Amino acid sequence: MSRPIQSITFVASESPAAQEAAHRLSALYGNDREDNADVVVALGGDGFMLQTLHRFMGSGTPIYGMNKGTIGFLMNDYREDGLKERLAAAIENAIHPLAMTAVDAAGTVHKALAINEVAIFRQSYQAARLQISIDGKVRLDELVCDGVMVATPIGSTAYNLSAQGPIIPVDAPLLALTPVSPFRPRRWRGALLPNHQTVEIVVLEPEKRPVNAVADATEVKSVHRITISESLNDTGLILFDHDHSWDERILAEQFRY
(Lines give C-alpha, C1' and ligand atoms only; values in the text may rest on other atoms or scores of the structure.)
Protein backbone atom coordinates (compact mmCIF):
# COMPACT_ATOMS: atom_id res chain seq x y z
CA MET A 1 0.00 0.00 0.00
CA SER A 2 1.20 3.50 -0.75
CA ARG A 3 -1.43 5.76 0.80
CA PRO A 4 -1.24 6.99 4.41
CA ILE A 5 -3.32 5.10 6.93
CA GLN A 6 -5.80 7.33 8.72
CA SER A 7 -8.26 4.90 10.29
CA ILE A 8 -8.03 1.30 11.50
CA THR A 9 -10.63 -1.22 12.63
CA PHE A 10 -9.43 -3.89 15.05
CA VAL A 11 -11.20 -7.25 15.18
CA ALA A 12 -10.12 -10.09 17.46
CA SER A 13 -10.80 -13.75 18.10
CA GLU A 14 -12.36 -14.78 21.40
CA SER A 15 -9.05 -15.82 22.95
CA PRO A 16 -7.98 -13.72 25.98
CA ALA A 17 -4.64 -12.88 24.33
CA ALA A 18 -6.33 -11.55 21.19
CA GLN A 19 -8.92 -9.59 23.18
CA GLU A 20 -6.21 -7.99 25.33
CA ALA A 21 -4.20 -7.08 22.22
CA ALA A 22 -7.27 -5.45 20.65
CA HIS A 23 -7.83 -3.40 23.81
CA ARG A 24 -4.22 -2.21 23.89
CA LEU A 25 -4.05 -1.37 20.18
CA SER A 26 -7.40 0.43 20.25
CA ALA A 27 -6.08 2.62 23.06
CA LEU A 28 -3.00 3.45 21.00
CA TYR A 29 -4.54 3.96 17.55
CA GLY A 30 -8.29 4.24 18.02
CA ASN A 31 -10.84 1.80 16.67
CA ASP A 32 -12.86 3.22 13.79
CA ARG A 33 -16.10 1.94 12.27
CA GLU A 34 -15.70 -0.88 9.78
CA ASP A 35 -17.29 1.12 6.97
CA ASN A 36 -14.84 3.99 7.51
CA ALA A 37 -11.58 2.08 7.99
CA ASP A 38 -8.63 2.13 5.60
CA VAL A 39 -7.49 -1.24 6.98
CA VAL A 40 -8.91 -4.00 9.15
CA VAL A 41 -6.37 -5.49 11.58
CA ALA A 42 -7.28 -9.06 12.56
CA LEU A 43 -5.87 -10.38 15.84
CA GLY A 44 -5.86 -14.14 16.33
CA GLY A 45 -4.72 -17.18 14.41
CA ASP A 46 -5.08 -18.46 10.86
CA GLY A 47 -8.65 -19.66 11.44
CA PHE A 48 -9.75 -16.22 12.58
CA MET A 49 -7.94 -14.65 9.63
CA LEU A 50 -9.96 -16.84 7.26
CA GLN A 51 -13.17 -15.80 9.03
CA THR A 52 -12.20 -12.14 8.65
CA LEU A 53 -11.34 -12.52 4.97
CA HIS A 54 -14.73 -14.12 4.37
CA ARG A 55 -16.48 -11.38 6.31
CA PHE A 56 -14.89 -8.56 4.32
CA MET A 57 -14.81 -10.35 0.95
CA GLY A 58 -15.64 -7.90 -1.83
CA SER A 59 -15.56 -4.85 0.44
CA GLY A 60 -12.30 -3.49 -0.99
CA THR A 61 -10.91 -3.14 2.54
CA PRO A 62 -7.54 -4.91 3.00
CA ILE A 63 -6.98 -7.23 5.97
CA TYR A 64 -3.74 -7.19 7.96
CA GLY A 65 -3.34 -10.03 10.42
CA MET A 66 -1.22 -10.00 13.56
CA ASN A 67 -0.55 -13.33 15.20
CA LYS A 68 -2.23 -14.04 18.49
CA GLY A 69 -2.85 -17.69 17.68
CA THR A 70 -0.76 -20.82 17.21
CA ILE A 71 0.86 -21.09 13.78
CA GLY A 72 -0.02 -17.78 12.20
CA PHE A 73 1.06 -18.56 8.64
CA LEU A 74 -1.39 -15.97 7.32
CA MET A 75 -0.43 -13.47 9.99
CA ASN A 76 2.27 -10.88 10.57
CA ASP A 77 4.30 -10.68 13.76
CA TYR A 78 2.57 -8.95 16.65
CA ARG A 79 4.16 -5.61 17.51
CA GLU A 80 2.46 -2.53 18.90
CA ASP A 81 4.90 0.15 17.79
CA GLY A 82 4.81 1.84 14.38
CA LEU A 83 1.66 0.09 13.24
CA LYS A 84 0.45 2.77 10.84
CA GLU A 85 3.86 2.87 9.17
CA ARG A 86 3.85 -0.92 8.82
CA LEU A 87 0.38 -0.85 7.30
CA ALA A 88 1.31 1.87 4.83
CA ALA A 89 4.38 -0.09 3.67
CA ALA A 90 2.69 -3.53 3.58
CA ILE A 91 2.45 -5.56 0.38
CA GLU A 92 -1.10 -6.14 -0.83
CA ASN A 93 -2.14 -9.45 -2.41
CA ALA A 94 -5.52 -10.01 -4.04
CA ILE A 95 -7.06 -13.44 -3.54
CA HIS A 96 -9.94 -15.08 -5.39
CA PRO A 97 -11.79 -17.79 -3.48
CA LEU A 98 -13.15 -21.01 -4.86
CA ALA A 99 -16.88 -21.21 -5.52
CA MET A 100 -18.38 -24.56 -4.52
CA THR A 101 -21.78 -25.79 -5.69
CA ALA A 102 -22.80 -29.06 -4.03
CA VAL A 103 -25.96 -31.09 -4.61
CA ASP A 104 -26.95 -33.33 -1.72
CA ALA A 105 -28.96 -36.55 -1.54
CA ALA A 106 -32.24 -34.62 -1.33
CA GLY A 107 -31.40 -32.59 -4.44
CA THR A 108 -30.79 -29.41 -2.45
CA VAL A 109 -28.17 -27.09 -3.95
CA HIS A 110 -25.63 -25.59 -1.55
CA LYS A 111 -23.23 -22.78 -2.49
CA ALA A 112 -20.20 -21.60 -0.52
CA LEU A 113 -16.85 -19.87 -0.97
CA ALA A 114 -13.49 -21.27 0.08
CA ILE A 115 -10.30 -19.27 0.52
CA ASN A 116 -8.16 -22.33 1.36
CA GLU A 117 -9.74 -25.37 -0.25
CA VAL A 118 -12.83 -27.33 -1.09
CA ALA A 119 -12.44 -30.86 0.26
CA ILE A 120 -14.50 -34.02 -0.13
CA PHE A 121 -14.26 -36.65 2.64
CA ARG A 122 -15.70 -40.10 3.12
CA GLN A 123 -18.59 -40.06 5.59
CA SER A 124 -18.42 -43.69 6.71
CA TYR A 125 -15.91 -46.47 7.28
CA GLN A 126 -15.88 -47.25 3.54
CA ALA A 127 -13.62 -45.44 1.09
CA ALA A 128 -15.25 -42.97 -1.30
CA ARG A 129 -15.62 -43.73 -5.01
CA LEU A 130 -15.38 -40.55 -7.07
CA GLN A 131 -15.38 -39.62 -10.74
CA ILE A 132 -13.45 -36.45 -11.64
CA SER A 133 -14.08 -34.26 -14.69
CA ILE A 134 -12.23 -31.13 -15.79
CA ASP A 135 -14.15 -28.64 -17.95
CA GLY A 136 -16.73 -31.30 -18.72
CA LYS A 137 -14.29 -34.04 -19.76
CA VAL A 138 -13.88 -37.08 -17.52
CA ARG A 139 -10.23 -37.33 -16.51
CA LEU A 140 -10.50 -40.00 -13.83
CA ASP A 141 -13.24 -42.59 -14.17
CA GLU A 142 -12.84 -43.83 -10.62
CA LEU A 143 -10.83 -42.60 -7.65
CA VAL A 144 -11.11 -44.75 -4.53
CA CYS A 145 -9.82 -42.71 -1.61
CA ASP A 146 -10.51 -41.14 1.76
CA GLY A 147 -11.09 -37.84 -0.02
CA VAL A 148 -9.87 -35.28 -2.52
CA MET A 149 -9.48 -31.50 -2.46
CA VAL A 150 -9.05 -28.50 -4.71
CA ALA A 151 -6.74 -25.94 -3.08
CA THR A 152 -5.94 -22.33 -3.91
CA PRO A 153 -2.39 -20.97 -3.76
CA ILE A 154 -3.09 -19.40 -0.37
CA GLY A 155 -4.48 -22.74 0.83
CA SER A 156 -1.74 -24.85 -0.70
CA THR A 157 0.34 -24.70 2.50
CA ALA A 158 -2.58 -25.84 4.69
CA TYR A 159 -4.40 -29.17 4.46
CA ASN A 160 -3.19 -29.60 0.87
CA LEU A 161 0.43 -29.72 2.07
CA SER A 162 -0.44 -32.23 4.79
CA ALA A 163 -1.87 -34.48 2.05
CA GLN A 164 1.46 -34.15 0.17
CA GLY A 165 0.08 -31.70 -2.37
CA PRO A 166 2.27 -29.06 -4.03
CA ILE A 167 2.98 -25.59 -2.64
CA ILE A 168 1.86 -22.92 -5.12
CA PRO A 169 3.16 -19.31 -5.25
CA VAL A 170 0.35 -16.87 -4.50
CA ASP A 171 0.48 -15.21 -7.92
CA ALA A 172 0.62 -18.48 -9.89
CA PRO A 173 -2.58 -19.03 -11.94
CA LEU A 174 -2.93 -22.58 -10.66
CA LEU A 175 -5.07 -24.79 -8.43
CA ALA A 176 -3.96 -28.02 -6.75
CA LEU A 177 -6.12 -31.13 -7.14
CA THR A 178 -4.88 -33.44 -4.38
CA PRO A 179 -6.14 -36.86 -3.23
CA VAL A 180 -6.30 -37.94 0.40
CA SER A 181 -5.04 -41.51 0.95
CA PRO A 182 -5.71 -42.75 -2.59
CA PHE A 183 -6.28 -46.51 -2.84
CA ARG A 184 -7.01 -46.79 -6.56
CA PRO A 185 -5.20 -45.65 -8.62
CA ARG A 186 -2.69 -46.05 -5.81
CA ARG A 187 0.10 -44.06 -7.45
CA TRP A 188 -2.01 -41.06 -8.46
CA ARG A 189 -0.74 -38.00 -6.61
CA GLY A 190 -3.04 -35.36 -8.03
CA ALA A 191 -2.70 -32.62 -10.63
CA LEU A 192 -1.96 -28.94 -11.09
CA LEU A 193 -4.76 -27.18 -12.95
CA PRO A 194 -5.04 -23.76 -14.61
CA ASN A 195 -7.20 -21.62 -12.36
CA HIS A 196 -9.74 -20.97 -15.12
CA GLN A 197 -10.78 -24.63 -15.27
CA THR A 198 -13.82 -26.12 -13.54
CA VAL A 199 -13.61 -29.33 -11.53
CA GLU A 200 -16.67 -31.55 -11.23
CA ILE A 201 -16.72 -34.49 -8.83
CA VAL A 202 -19.47 -37.11 -9.03
CA VAL A 203 -19.92 -39.45 -6.08
CA LEU A 204 -20.27 -43.06 -7.19
CA GLU A 205 -22.40 -45.27 -4.95
CA PRO A 206 -23.44 -42.29 -2.78
CA GLU A 207 -25.86 -44.31 -0.64
CA LYS A 208 -23.34 -47.04 0.11
CA ARG A 209 -20.29 -44.76 0.29
CA PRO A 210 -21.56 -41.31 1.39
CA VAL A 211 -19.25 -38.29 1.41
CA ASN A 212 -19.24 -34.77 2.82
CA ALA A 213 -18.06 -31.61 1.07
CA VAL A 214 -16.32 -28.83 3.01
CA ALA A 215 -15.59 -25.30 1.77
CA ASP A 216 -13.44 -23.78 4.51
CA ALA A 217 -15.87 -23.82 7.47
CA THR A 218 -19.02 -24.71 5.49
CA GLU A 219 -19.87 -28.44 5.47
CA VAL A 220 -22.49 -30.20 3.35
CA LYS A 221 -23.37 -33.81 4.20
CA SER A 222 -24.28 -36.63 1.81
CA VAL A 223 -23.36 -34.88 -1.41
CA HIS A 224 -23.87 -36.48 -4.82
CA ARG A 225 -22.17 -33.93 -7.08
CA ILE A 226 -19.75 -31.05 -6.48
CA THR A 227 -18.63 -28.33 -8.89
CA ILE A 228 -15.61 -26.19 -8.03
CA SER A 229 -14.21 -23.17 -9.86
CA GLU A 230 -12.39 -19.97 -9.03
CA SER A 231 -14.72 -17.03 -8.42
CA LEU A 232 -13.66 -13.94 -10.32
CA ASN A 233 -16.58 -11.98 -8.86
CA ASP A 234 -15.27 -12.22 -5.29
CA THR A 235 -11.98 -10.66 -4.22
CA GLY A 236 -10.27 -10.43 -0.85
CA LEU A 237 -7.26 -8.28 -0.03
CA ILE A 238 -4.57 -9.45 2.39
CA LEU A 239 -1.55 -7.47 3.62
CA PHE A 240 1.90 -8.72 4.59
CA ASP A 241 4.91 -6.87 5.98
CA HIS A 242 7.41 -5.95 3.29
CA ASP A 243 10.24 -7.90 4.95
CA HIS A 244 8.11 -11.03 5.38
CA SER A 245 6.02 -11.14 2.23
CA TRP A 246 3.80 -13.99 1.07
CA ASP A 247 6.28 -14.80 -1.73
CA GLU A 248 9.06 -15.16 0.84
CA ARG A 249 6.91 -17.40 3.05
CA ILE A 250 6.01 -19.66 0.13
CA LEU A 251 9.66 -19.94 -0.93
CA ALA A 252 10.78 -20.71 2.62
CA GLU A 253 8.08 -23.38 3.05
CA GLN A 254 9.34 -25.27 -0.01
CA PHE A 255 12.72 -25.79 1.65
CA ARG A 256 11.32 -26.96 4.99
CA TYR A 257 10.01 -30.34 3.84
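The structure this text deals with has already been given above.
Summary of the structure given here. (Residues numbered from 1 in each chain as written. Predicted model: local features only at pLDDT ≥ 70, side-chain atom pairs only at ≥ 80, totals over all residues. Heavy atoms only, no water.)

### Structural notes on the overall build of the chain
Move 1: Regarding its fold elements, the chain presents 5 helices and 17 strands.
Move 2: The globule rule puts the C-alpha radius of gyration for 257 residues at 18 Å, and the 20 Å found for the chain is close to it.
Move 3: Overall, the C-alpha framework of the chain stretches about 60 × 40 × 30 Å when taken along its three principal axes.
Move 4: A buried classification covers 52% of the 257 residues belonging to the chain.
Move 5: Within the chain, contacts between residues separated by at least 24 positions form 67% of all contacts whose residues are at least 6 apart in sequence. (Helix = DSSP H or I, 4+ residues; strand = E, 2+ residues; numbered from the N terminus. Rg over C-alpha atoms; globule rule 2.2 N^0.38 Å. Buried < 20%, exposed > 50% of the residue type's maximum accessible area, 1.4 Å probe, protein only. Contact = heavy atoms within 4.5 Å.)

### Notes on the environment of Asn 36
Move 1: Residue placement: Asn 36 occurs in the loop between α1 (16-29) and β2 (39-44).
Move 2: Residue classification places Asn 36 among the partly exposed residues on the basis of a relative accessible area of 39%.
Move 3: Note: C-alpha distance between Asn 36 and Val 109 (73 residues apart in sequence) is 36 Å.

### Observations regarding the side chain of Asn 93
Move 1: Of note, Asn 93 is situated in strand β4 (residues 91-95).
Move 2: Residue contacts for Asn 93: discarding those within four places in its chain leaves Val 170, Gly 236, Leu 237, Ile 238, Phe 240 and Trp 246.

### Focus: the nonpolar core
Move 1: The biggest cluster of nonpolar side chains holds 30 residues, and the ones touching the most others in it are Met 100, Ile 120, Leu 130, Ile 132, Ile 201, Ile 226 and Ile 228.
Move 2: Element by element, the count of residues in this core is highest for strand β8 (residues 128-134), at 4 residues.
Move 3: Not counting residues up to four positions away in its chain, the partners in contact with Leu 130 are Ile 120, Leu 140, Asp 141, Glu 142, Leu 143, Cys 145, Val 148, Ile 201, Val 202, Val 203, Leu 204 and Val 211.
Move 4: Counting residues in each nonpolar core, the second largest holds 23 residues, with Met 49, Phe 56, Ile 63 and Val 170 among its members. (Core = buried A, V, L, I, M, F, W, Y, C linked by side-chain atoms within 4.5 Å.)

### A closer look at helix α2 (residues 46-55)
Owing to its 3.6 residues per turn, the α-helix aligns residues three or four sequence positions apart on the same side.
Move 1: Considered for burial, the residues of α2 that qualify are Asp 46, Phe 48, Met 49, Leu 50, Thr 52 and Leu 53.
Move 2: For α2, the secondary structure elements touched by its buried residues are β1 (8-12), β2, β3 (63-67), β4 and β17 (236-240).

### A few points about the sheet that holds β1
Move 1: Strand order across the open sheet formed by 5 strands is β1-β2-β3-β17-β4, with mixed pairing between neighbours. The open sheet is flanked by β1 and β4, the only strands paired with a single partner. With strand direction ignored, the average angle separating the axes of adjacent strands in the sheet is 30°.
Move 2: Where β2 meets β3, 5 bridges bridge the pair, whose relative direction is parallel. From the neighbouring strand, Val 41 faces β3, where its bridge partner is Tyr 64. (Pairing = 2+ DSSP bridges. Axes fitted to C-alpha atoms, helices over the stretch in contact; angles between N-to-C directions.)

### Let's talk about the pattern of salt bridges
Move 1: Inspection of every chain in the model, using the stated rule, returns 11 salt bridges.
Move 2: With its nearest N and O atoms 2.0 Å apart, the salt bridge here joins Arg 55 to Glu 34. Placement of the pair is Arg 55 in helix α2 and Glu 34 in the loop between α1 and β2, with a sequence separation of 21 residues.
Move 3: Glu 205 is paired through a salt bridge with Arg 129; the nearest N and O atoms lie 2.8 Å apart. (Salt bridge = Lys/Arg side-chain N within 4 Å of Asp/Glu carboxyl O.)

### A word on helix α5 (residues 246-253)
Move 1: Taken as a whole, α5 has its buried residues at Trp 246, Arg 249, Ile 250 and Glu 253. End-on view of α5: buried residues confined to an arc of 95°, all on one side of the axis.
Move 2: Looking at the buried positions of α5, the neighbouring elements they touch are β4, α4 (159-162) and β17. (Arc of directions from axis to C-beta.)

### A look at the sheet that holds β8
Move 1: The 6 strands are arranged β6-β5-β16-β13-β8-β9 in an open sheet whose pairing can be described as antiparallel. The outermost strands of the open sheet, each flanked by one partner alone, are β6 (109-114) and β9 (137-145). Ignoring which end each strand starts from, the neighbouring axes of this sheet average 20° apart.
Move 2: In terms of strand pairing, β8 meets strand β13 (residues 199-204) through 6 bridges, oriented antiparallel. Considered in β13, the bridge of Ile 132 is made with Ile 201.

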